[in-house]
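Geometric and topological summary
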Number of protein chains: 4
Amino acid sequence: MNSALKTETQDLAPEKHLALPLSTEALAREYRRVRVNSLRLCEPLAIEDFGLQAMANTSPPKWHLAHTTWFFETFVLKPDNPGYEPWHPAFEHLFNSYYNGIGTPFPRPQRGLLSRPTVEEVIAYRQTIDDRVLKLLESGHETDAECLRRIELGLHHEQQHQELLLTDLKYSFHVNPLLPAYRRQTDRPRPTNTKKANAWVEVDRRLVTLGATGDRFCFDNETPRHRHYLQPFALATTLVTNGDFLAFMTDGGYRRPELWLADGWDLVRQQGWHAPLYWRRQEGNWYCYTLSGLRSMTPDQPVCHLSYYEADAYARWAGARLPTEGEWETVAADLPVVGNFIDSGQLHPQPADSAGDTLCQLFGDVWEWTASSYSPYPGFQPAAGAIGEYNGKFMSNQMVLRGGSCVSDAGHIRPSYRNFFYPADRWQFSGLRLARSL
Amino acid sequence: MNSALKTETQDLAPEKHLALPLSTEALAREYRRVRVNSLRLCEPLAIEDFGLQAMANTSPPKWHLAHTTWFFETFVLKPDNPGYEPWHPAFEHLFNSYYNGIGTPFPRPQRGLLSRPTVEEVIAYRQTIDDRVLKLLESGHETDAECLRRIELGLHHEQQHQELLLTDLKYSFHVNPLLPAYRRQTDRPRPTNTKKANAWVEVDRRLVTLGATGDRFCFDNETPRHRHYLQPFALATTLVTNGDFLAFMTDGGYRRPELWLADGWDLVRQQGWHAPLYWRRQEGNWYCYTLSGLRSMTPDQPVCHLSYYEADAYARWAGARLPTEGEWETVAADLPVVGNFIDSGQLHPQPADSAGDTLCQLFGDVWEWTASSYSPYPGFQPAAGAIGEYNGKFMSNQMVLRGGSCVSDAGHIRPSYRNFFYPADRWQFSGLRLARSL
Amino acid sequence: MNSALKTETQDLAPEKHLALPLSTEALAREYRRVRVNSLRLCEPLAIEDFGLQAMANTSPPKWHLAHTTWFFETFVLKPDNPGYEPWHPAFEHLFNSYYNGIGTPFPRPQRGLLSRPTVEEVIAYRQTIDDRVLKLLESGHETDAECLRRIELGLHHEQQHQELLLTDLKYSFHVNPLLPAYRRQTDRPRPTNTKKANAWVEVDRRLVTLGATGDRFCFDNETPRHRHYLQPFALATTLVTNGDFLAFMTDGGYRRPELWLADGWDLVRQQGWHAPLYWRRQEGNWYCYTLSGLRSMTPDQPVCHLSYYEADAYARWAGARLPTEGEWETVAADLPVVGNFIDSGQLHPQPADSAGDTLCQLFGDVWEWTASSYSPYPGFQPAAGAIGEYNGKFMSNQMVLRGGSCVSDAGHIRPSYRNFFYPADRWQFSGLRLARSL
Amino acid sequence: MNSALKTETQDLAPEKHLALPLSTEALAREYRRVRVNSLRLCEPLAIEDFGLQAMANTSPPKWHLAHTTWFFETFVLKPDNPGYEPWHPAFEHLFNSYYNGIGTPFPRPQRGLLSRPTVEEVIAYRQTIDDRVLKLLESGHETDAECLRRIELGLHHEQQHQELLLTDLKYSFHVNPLLPAYRRQTDRPRPTNTKKANAWVEVDRRLVTLGATGDRFCFDNETPRHRHYLQPFALATTLVTNGDFLAFMTDGGYRRPELWLADGWDLVRQQGWHAPLYWRRQEGNWYCYTLSGLRSMTPDQPVCHLSYYEADAYARWAGARLPTEGEWETVAADLPVVGNFIDSGQLHPQPADSAGDTLCQLFGDVWEWTASSYSPYPGFQPAAGAIGEYNGKFMSNQMVLRGGSCVSDAGHIRPSYRNFFYPADRWQFSGLRLARSL
């Protein structure tokens, strides 16, 4: 190894990723903001909607509300508090998602069968736990850094569940032939400029540094920050759109095995995939089911609700490939995290505003499938105890997605953020951006 | 054939089973009574409970409320009414149970995913259809007999669904670790007399007449009335009790293949059956989940929630067998239809009041598995059109049960009534009474 | 009950069905005849064919050869012989079919995975057991009647397996795209007379006696002989043919739910049934796979390889129904057991020779589905011990078939013979004859 | 990027991996050697063994023999030969494994149902194709390089199938309670030295070059050769042994969810995993089923037949992790490829001979699971046409294994060789070596 390289890598302090927690005041403010957002998301729901669970991978809205509360009770209020009286003795079982270190979770596919506790009871549960957490934060007692970190983790955990609440609900609603709209909305004026031509951002071979920078909150799976060698590559400036994807379909994309990974082709045949999830053909026209109900398919919107296999097949058809997560992060690292997030109120990916010759929509709109399997970064160490089950134990069989979506909270996303889903999963707002080796 | 026999059989007028329908006034009264009962059954429910469906064979309470209404709309209001405007165009699809002649039913296992229409909307639907049906009845126009018959059929159909609503709900509730009670209730004073010894009613060989007598409403599967030859047999005076069944269990009943039908033994091993459905062992004692919550197992209550295989295995262990439906009906034909039905408010089988030396509990308490497969009676003809799908198409793979249960409407049961379930089904109030060949 | 009837039924001696066993000489002759037939059936096979098992319900030829031998070892040689040395200690496990009283049978779906013992070893096993059984028979010692009965039972058991060996092999072969022929053969000259018109044999209401007559061997499920009351009915003189069935298909038979039992319609859709098993359409013509390979479909041959559901749907389409087993036996009871059995060498049902105005093909050609579920006759008692598992424990969920087929041994069939299969089963030579209520 | 680094990477000629094919003489020699080896492997088999297929992922020996022959016919003899007459028109369908570009492969799970063609016919098929290929090679005509490359590929393809033939057969045999031995053999004298203590080879951070070096044959998935940055790590000198793994088991390894990846823990519970595949406990002692039959478990043999999940859980329990494939290759790159391969005749991993303080058993004995998912190397391009389906389409959901096993051909293995299996797969000779981050 030459000495220049050695110098470059020595400045990676292994603990730098552990950012200082927010101040208790800032944390209390954020706590109130995030927690109330979960309830606001449920305002359009009928009581009957709170129990919907249309497949095992999803959870009912009520369960999301209770589980995120259970998280604070279990990991913030209960530790180091031997006399802690739980709000309800059965909730440890009912609302544990997957923490084997805590006990045996209630079977996931049956979450929709918990008509009790009622919505009203779950909201009362939230209120009580909120009071207790805020009292803890505002007590003036010296709260230890670990406790503050766990509250901050709990808030990011809740923001993840806010996104899931919407994607899960969308999936459940679409099973109902009435195709209920989560929230009706009028179309915003469409941009008048025509389809942007894609361009390519080229990056030469280089040694880069990846992972959380340590100046703000991150999940453990973004650490440690580490060096990585990149071959020369190009990244598309634009997301693949519905119109692009329709061209793939028209060219027989779903009928040509040579475009597909073997496992993906098996699924195409078994599941009868012939279009992205939520696309429907009626009287010769394509429609998409959205959180605002069934809408005409819009060609210049980014395509979404693709599995990894569909994204990969599209890229192969287009003579390109998916980017690795290292490539994506290298390009995204210095860009501002702005885009179509949940606060836009659109709840659906939107056409690009900017011209196609500059990078656009890296953040927001759709999660972008990468070619990288979800693996530990070199030197990764999960936290000790049950909270270490948060991320690490899922590091097999899944693929990394980057950039956040139209139902992510803007404050929750950062360039180093690693989302992960199974390659067959389609119910997230998952799309793609092309890359090429140079 | 000797001439005496010929004479006996000649008096079976084939059409006699078609009883005259009730008068329009009586029918309107009955309509109001039955329809309001469905809503009363739902009074203890939280809105969240209305969507519960814990297995494909069951339906959510809301679906029962809507489907029974759809039945009147489809089979009473719509026929011969070309301009009929349905309450909602999608309901024909959503609330059709299995009538292929009407269209394609919404998939049964997904009924619990219909959060919309809401409970409020379904109740409004019921109200509108009720108004239309009652207006039809009260219009003074000459209503044809077929229409009146269909209204009466619709009411018996609704009474079947009232029973299912409770048994389905019980199944759904018991999946929830909170074990919700449908309705709390205090134990009624227990009878003080000790366990009745069983006795046997003996019947000599004879030619009997089976099937609906034609003097009141019946389903088509109870017709035509027909002769049947019986070998000599004995029928137990009492139902098999929890205590009896516990003796079978203690004697290794669930571990001894020689006691079981082959298909039943496969299920015992695959499903891990080791006690009736809803029995739980806690700290050395047996409990039963009931519609009033978890209760101590009571030895002198009739055992219930058995599959056909368990009933059959018990009978074999006891050196007896299950009665055929012809044997059961022969004994029951002249007895008054009284017993522990839904109007008692117990919602659970109760110990016998009478002494064991006389027949007791033939009606109410538990449906009694018979040894008879559910087959058409000789000369059976289902009704023409979609309504002919009501019973006939299920005449394979199921077994007949007789006598009604603690959640049946008393007015709905009669000696010739043939209920039918698959031999593996356990979620009905299904028990047994022994028989022997002489 | 009138006295005439009483008199009629009193002459049913309950034990009359236990026919005297054959003499030891006759039994030894029959033993040799039957046992060698099993090997002859295997003469056309390649060693590679002996292990074929294309679905769980079927067994490989080698397994049939070994299991039938195990039957004699287990039920004839071993009882009352404490020092008996089994041929191989593992065979009790490997070749036990379903006798829980003997031990735990090797899992049925894996029988095709037993490459060892080899074919040569199994033939040696047969030879040794044959020597021992024949020595027992010829020893001159007084052999008890029970032992002789079991040998006779073992021979009928083996004849059942000879039929299964061929139907199982046919199923396994047809999975291979090469469509191997079990035995090539030239078409025999076709009868020149044209299609027989069907006629009906009418039977008035009467009290009949059913079950084994007791003058020859029978299985326990044919006993006890008992009285049964029949309503007036008519039975078709001819079997339903391929041409008849094609008319049903052409009329949309497989696409019209109103013709089907509910469970059958589910299977039609799930399995994509659109023709009898083994029918193939190539370039506009229908072909049938037979034990002689793929042959043109012949309209006047009896249709076969139907499930119960297909037979039942056809009958409904034809405005008729399937006969009950009582009706069938009543008509067949006094007819000679002649027909197209395995000794004809055809191995496939053949067109009727006789004119259509008289009953034909009641025996041989195809097993005829009846409308009767497989249930115990009144007063039925299985044998004590493991051998009692032979028939009784299968008396649920199956339907009775009558008459034998083109691969049955003529000597094995009698009017009271009750064969039974699940209503979904199609791999037997199963067809139908119509009936009507009068 | 500093210039020193740039220089280092510029020398990676992109086409260097395409080694010159062997001379036609050398290739003909190798062809004869490899092809005859397949038949030699089958010498211990009974004809009955050739059809065994105990799970969908495996294939029968006869199918391996035919498929490897089909490969030469399809990819060597047929291309550019328009009048080519195939040996049998159906073989293109029957013996195509997964090449969608060639046609529709016969369903994988049914390969065991092809009793025809017989073994004799398949051997005749091999002989004919061998004659044709050798004639092509020896014709003196100028054979193009692509054709020679395909023959060489076909030979490596056949060597892969030779290994699979043995691992598949082992799996099929162990389902038979007779536990047949593929080949009996006497134990070789055991080394007398005691268990080697493991030591660690440490490697500092560095930029390495990975992938095929281009001086000999390689598969496309080993290309292109490329730079990769490594963090500092240590690699264990020894393989994990049966004794080591038993300590994990004794410490509750299979009962402690905190040691497992989530998907692995699900499998542990669903499949009841409690020991490596082929381990059996009898009377308090552990045994392993081997290709020589059931043997006592030997503590100092390398553990094998582990899934990725078990290897990963063991590593976590041991406070270590699995190496990445880049780490493994970096250490192995310059070592001689010697070890316990198939030519040793052991057919089972053997205890290490060398002392534990030096690297041992990197090649042979067991395939070593790595922490790397099977992904394309940067710039990877599969071959054009159907032959491009060989490796590339499997690059999802699988993990890389390195080093070859006791049933690999020594000439087939090299440091850059990437084997790949699903993380749940256990039927290969798969074990592990630990690594640690420094």
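Use the structure listed above.
Residues numbered from 1 in each chain as written. Chains lettered and ligands numbered in written order. Predicted model: local features only at pLDDT ≥ 70, side-chain atom pairs only at ≥ 80, totals over all residues. Heavy atoms only, no water.

Regarding chain A and chain C, the two do not touch, and the least distance separating their C-alpha atoms is 14 Å. Where chain B comes nearest to chain D, the C-alpha atoms are still 14 Å apart, and the two do not contact one another. (Contact = heavy atoms within 4.5 Å.)

Looking now at the side chain of Asp365(C). Residue and element names in this part refer to chain C. For Asp-365, the location among the structural elements is in the loop between α10 (325-332) and β8 (367-373). Separated by 2.8 Å, the side chains of Asp-365 and Asn-340 make a polar contact. Ignoring sequence-local partners within four residues, the contact set of Asp-365 consists of Leu-239, Asn-340, Pro-349, Gln-350, Gly-404, Ser-405, Cys-406 and Phe-429. (Helix = DSSP H or I, 4+ residues; strand = E, 2+ residues; numbered from the N terminus. Polar contact = N/O pair within 3.5 Å; in protein donor to acceptor, adjacent residues only side chain to side chain.)

With that settled, consider helix α6 (residues 145-175) of chain C. Between its first and last C-alpha atoms α6(C) spans 45 Å; for 31 residues at 1.5 Å apiece the expected length is 45 Å, and the two agree. Across the 31 residues of α6(C), 26 count as buried, placing the element largely inside the fold. (Expected span 1.5 Å × (residues − 1). Buried < 20%, exposed > 50% of the residue type's maximum accessible area, 1.4 Å probe, protein only.)

Further remarks concern the packing of helix α5 (residues 119-138) of chain B against helix α6 (residues 145-175) of chain B. All names here are of chain B. Two elements in contact, α5 and α6, have axes separated by 11 Å at closest approach and are oriented at 145°. When the axes of α5 and α6 are compared, the crossing they make is left-handed. Contacts between α5 and α6 involve Arg-126, Val-133, Leu-136 and Leu-137 from the former and Cys-147, Leu-148, Ile-151 and Glu-158 from the latter. Looking at side-chain class alone, the contact of α5 with α6 contains six nonpolar, no polar and two charged residues. (Axes fitted to C-alpha atoms, helices over the stretch in contact; angles between N-to-C directions. Left-handed = near helix turned anticlockwise from the far one by under 90°. Nonpolar A, V, L, I, M, F, W, Y, C, P; charged D, E, K, R; others polar.)

This brings us to the interface of chain C and chain B. Contacts between the two partners involve 36 residues from chain C and, on the opposite side, 36 residues from chain B. Counting each side, the surface lost to burial between chain C and chain B is near 2900 Å², with a carbon and sulfur contribution of 54%. Interface area lost by chain C to chain B is led by Arg205(C), Tyr229(C) and Asn397(C), which between them contribute 17%. Viewed at the interface, chain B and chain C are joined by zero salt bridges. Mapped by element, the contributors of at least two residues to the side of chain C that touches chain B are α1 (3-10), β2 (206-210), β3 (226-230) and α8 (262-271) of chain C. Of all the elements, α1(C) adds the most residues to the side of chain C that touches chain B, at five residues. Split into classes, the residues belonging to the side of chain C that touches chain B amount to 16 nonpolar, 12 polar and eight charged. (Buried area = accessible area lost by both parts, 1.4 Å probe. Salt bridge = Lys/Arg side-chain N within 4 Å of Asp/Glu carboxyl O.)

Moving on, we get to the pattern of salt bridges. If you walk through the whole model with that rule in mind, you get 84 salt bridges over all chains. One salt-bridge network, in which partners are shared between bridges, spans Arg35(A), Arg126(A), Asp130(A) and Glu158(A).

All names here are of chain D. Spatial strand order, β10-β9-β8-β11: four strands in an open sheet with mixed pairing. Strands with a single pairing partner mark the edges of an open sheet, and in this sheet they are β10 (419-421) and β11 (430-431). Both strand β8 (residues 367-373) and β11 contribute to a ladder of two bridges, which runs parallel. Bridging across to β11, Trp-367 finds its partner in Ser-430. (Pairing = 2+ DSSP bridges.)

Moving on to the relation of the copies chain C and chain B. When chain C is fitted to chain B, the residual RMSD is 0.0 Å, and the transformation amounts to a turn of 180° plus an axial shift of 0.0 Å. Accordingly, the operation relating the two chain copies is best matched by a two-fold axis. Residue by residue, 100% of the interface of chain C is reproduced at the interface of chain B, so both copies engage with the same surface. (Least-squares fit on C-alpha atoms with pLDDT ≥ 70 in both.)

Residue and element names in this part refer to chain C. What the three strands build is an open sheet, ordered β1-β4-β12; its pairing is antiparallel. Every interior strand has two partners, whereas the edge strands, β1 (200-203) and β12 (435-437), have only one. Ignoring strand direction, the axes of neighbouring strands in this sheet form an average angle of 20°. Across four bridges, β1 lies against strand β4 (residues 233-236) in antiparallel orientation. Bridge pairing in β4 places Trp-200 opposite Ala-236.

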